[in-house]
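Structural overview
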Amino acid sequence: MQITANDPSRKSWLNVAKDSDFPIQNIPFGVFLTPENIITIGTRIGDYAIDLGALHQLGYFKDIPLTDDMFLQDSLNDFIADGRITWRLVRNRIANLFDINNRTLQDQPEHREVVIFDVNEVEMQLPVDIGDYTDFYASKEHATNVGSIFRDPKNALMPNWLHIPIGYHGRSSSIVPSGTSIRRPMGQTKAPNAAQPTFGPSKLLDFELEMAFITTDVNHLGESISIEEAEDYIFGLVLFNDWSARDIQGWEYVPLGPFLGKSFASTISPWIVTLDALQPFRVESPKQDPAPLPYLQQKPNNSFDIHLHAYIKPLNGEENLVAKSNFKYMYWTMAQQLTHHTSNGCNVRTGDMMGSGTISGPTKDSYGSMLELTWKGTQPLKLSDGTERKFINDHDTVILRGYCENEKVRIGFGECSGKVLPAR
Ligand code: MN
């Protein structure tokens, strides 16, 4: 089925600012509370949140096979479970309804009134009920930096890294939507020269600049999927800050990997940008050498050109851009991650979320964590208010933004923001 929603010549009758992340070519999906405190599934065009539950009740999706309550829910799981044909039909329909050349909804002021809200009047929720969450480690630059900082610059990559998309099973209960404050975690740490560990607030709180994709039902237990079909099961992407307490992580991670240094909180952006919307921004992923094993070998053009920016905003201060990276730097692609994930027969379900791992680029200003940007605190960053940061301070807000842009269209992900509160 054609993706007519992406037509770059389309204009909406809703006002969209030139630099908006949400032109009519985006049509992301999210969940929000209306000003009357009703929860609904919606989309966004410009600075307008659009209530898809209300649109459906008014008959605007009539000839698309959807259950009556498809959009009157507190998560996108049922919609995502319906699969790619439904996603395309709905996205194409929304694009049509809000096209400047279509008067159907445009000429119904009573309908517009109950369907369209100012985005500042709605409260964004978690878009999906996330069952399982997996975090990968897919950026070669990031893995090399971390290996150089903690082990040996000459043997920075572990011997398995170029053969396997490395990942671990994370914690989904503490994933929160953008705007939720983060409590600095308490934990057990051990200073390098201390004889004994101590328990207290983390001193090395960090962000990780990541993206995450959300899946529909992929496979039954015991079965696997091929690399060719993997993308069919990816609904869309969000920005993802995988908050990390480096001192807790450093003490606990051997031999089973990340645990409480990661599970205290993770932040996602609330609008899921569909893989369909990202099609015009396909690019080549980095050349893989050595070639991966056959089950992970993929056709070209398998990544996406998504500019990623990270900012630190001190209390009462301005935003400081601290990192400029890009999704395309990822060595292991989403399809490779998902194929690898199911290769042992592990079932991946609707609403599962897969983090990319920190996405660092080749240059110093493109590193996706404070650990790398300050080289474990040895080279602090100077902020515009004159203060320095080795890691993230209490009352700092970390903001991630991401967008794609070509000559014709720009679509983005909005904001993934979280403010750090002092430890309790
Ligand atoms: Mn991570």
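About the cut-offs
- Residues numbered from 1 in each chain as written.
- Predicted model: local features only at pLDDT ≥ 70, side-chain atom pairs only at ≥ 80, totals over all residues.
- Heavy atoms only, no water.
- Domains from an automatic or database assignment.
- Contact = heavy atoms within 4.5 Å.
- Buried area = accessible area lost by both parts, 1.4 Å probe.
- Salt bridge = Lys/Arg side-chain N within 4 Å of Asp/Glu carboxyl O.
- Helix = DSSP H or I, 4+ residues; strand = E, 2+ residues; numbered from the N terminus.
- Nonpolar A, V, L, I, M, F, W, Y, C, P; charged D, E, K, R; others polar.
- Pairing = 2+ DSSP bridges.
- Core = buried A, V, L, I, M, F, W, Y, C linked by side-chain atoms within 4.5 Å.
- Buried < 20%, exposed > 50% of the residue type's maximum accessible area, 1.4 Å probe, protein only.
- 1 Å grid on protein atoms, 1.4 Å probe; cavity = no way out; pocket = protein on both sides within 12 Å on 5 of 7 lines; lining within 4 Å.
- Points joined across faces, edges and corners; volume = space filled by probe spheres on them.
- Patch = residues over 30% accessible without salt bridge, like charges linked within 9 Å, V, L, I, M, F, W, Y side chains within 5 Å.
- Areas by Shrake-Rupley, 256 points an atom, 1.4 Å probe, with all protein chains shown as cover.
- Lys, Arg positive; Asp, Glu negative; His and termini not counted.
- Charge placed at Lys NZ, Arg CZ, Asp CG, Glu CD.

In terms of domain boundaries, the chain breaks down into domain 1 (4-124) and domain 2 (133-421). If you average the C-alpha positions of domain 1 and of domain 2, the two centres end up 29 Å apart. Each partner contributes to the interface: domain 1 provides 26 residues, whereas domain 2 provides 30 residues. Here domain 1 and domain 2 share an interface that buries about 2,200 Å² over both sides, 61% of which is from carbon and sulfur atoms. Here domain 1 is connected to domain 2 by four salt bridges. For the side of domain 1 that touches domain 2, the elements supplying multiple residues, two or more each, are β1 (30-33), β2 (39-45), α2 (77-81) and α3 (84-97). Of the residues belonging to the side of domain 1 that touches domain 2, the class tally is 12 nonpolar, eight polar and six charged.

Once that is clear, we can look at the sheet that holds strand β25 (residues 397-405). With mixed pairing, five strands are arranged side by side in an open sheet as β9-β26-β25-β20-β21. The open sheet has two edge strands, β9 (182-183) and β21 (320-326), and neither has a second partner. Pairing between β9 and strand β26 (residues 410-421): two bridges, direction parallel. Bridge pairing in β26 links Arg183 to Leu421.

So, on to the sheet that holds strand β5 (residues 123-124). Read from one edge to the other, the open sheet built from five strands follows the order β4-β3-β2-β1-β5, with strand pairing classed as antiparallel. Looking at strand neighbours, the two that pair on one side only are β4 (116-118) and β5, the edges of this open sheet. Examined bridge by bridge, β2 and strand β3 (residues 48-51) share four bridges and lie antiparallel to one another. In the strand pairing of β3, Gly42 is matched with Asp51.

This paragraph deals with the nonpolar core. Soluble, globular proteins show a tendency: their nonpolar side chains are buried together. Phe207, Met211, Leu237, Leu278, Ile306, Phe327 and Leu338 are the most contacted members of the largest nonpolar core, which has 62 residues in total. With four residues, the single largest contributor to this core is β26. Setting aside residues no more than four positions away along its own chain, Ile306 makes contact with Met211, Leu278, Ser325, Asn326, Phe327, Tyr403, Cys404 and Phe413. Within the second largest apolar cluster, 44 residues are counted, among which are Phe29, Phe79, Val128 and Ile272.

This part is about empty space enclosed by the protein. Under the definition given, this model contains three cavities of 30 Å³ or more. There is about 40 Å³ of room inside the largest cavity. Together, Arg84, Trp87, Ile234, Phe235, Thr274, Leu275 and Asp276 line the largest cavity. Of all the elements in the fold, those that place two or more residues in the lining of the largest cavity are α3 and β14 (234-241). Each residue belonging to the lining of the largest cavity can be placed in one class, and the counts come to four nonpolar, one polar and two charged.

Assignment of secondary structure puts Val90 in helix α3. Along the sequence, Val90 and Ala5 sit 85 residues apart, while their C-alpha atoms lie 9.5 Å from each other.

Judged by side-chain charge, Asp68, Asp69, Asp78 and Asp82 come together as a negatively charged surface patch. If you trace the backbone, Asp69 turns up in the loop between α1 (52-57) and α2.

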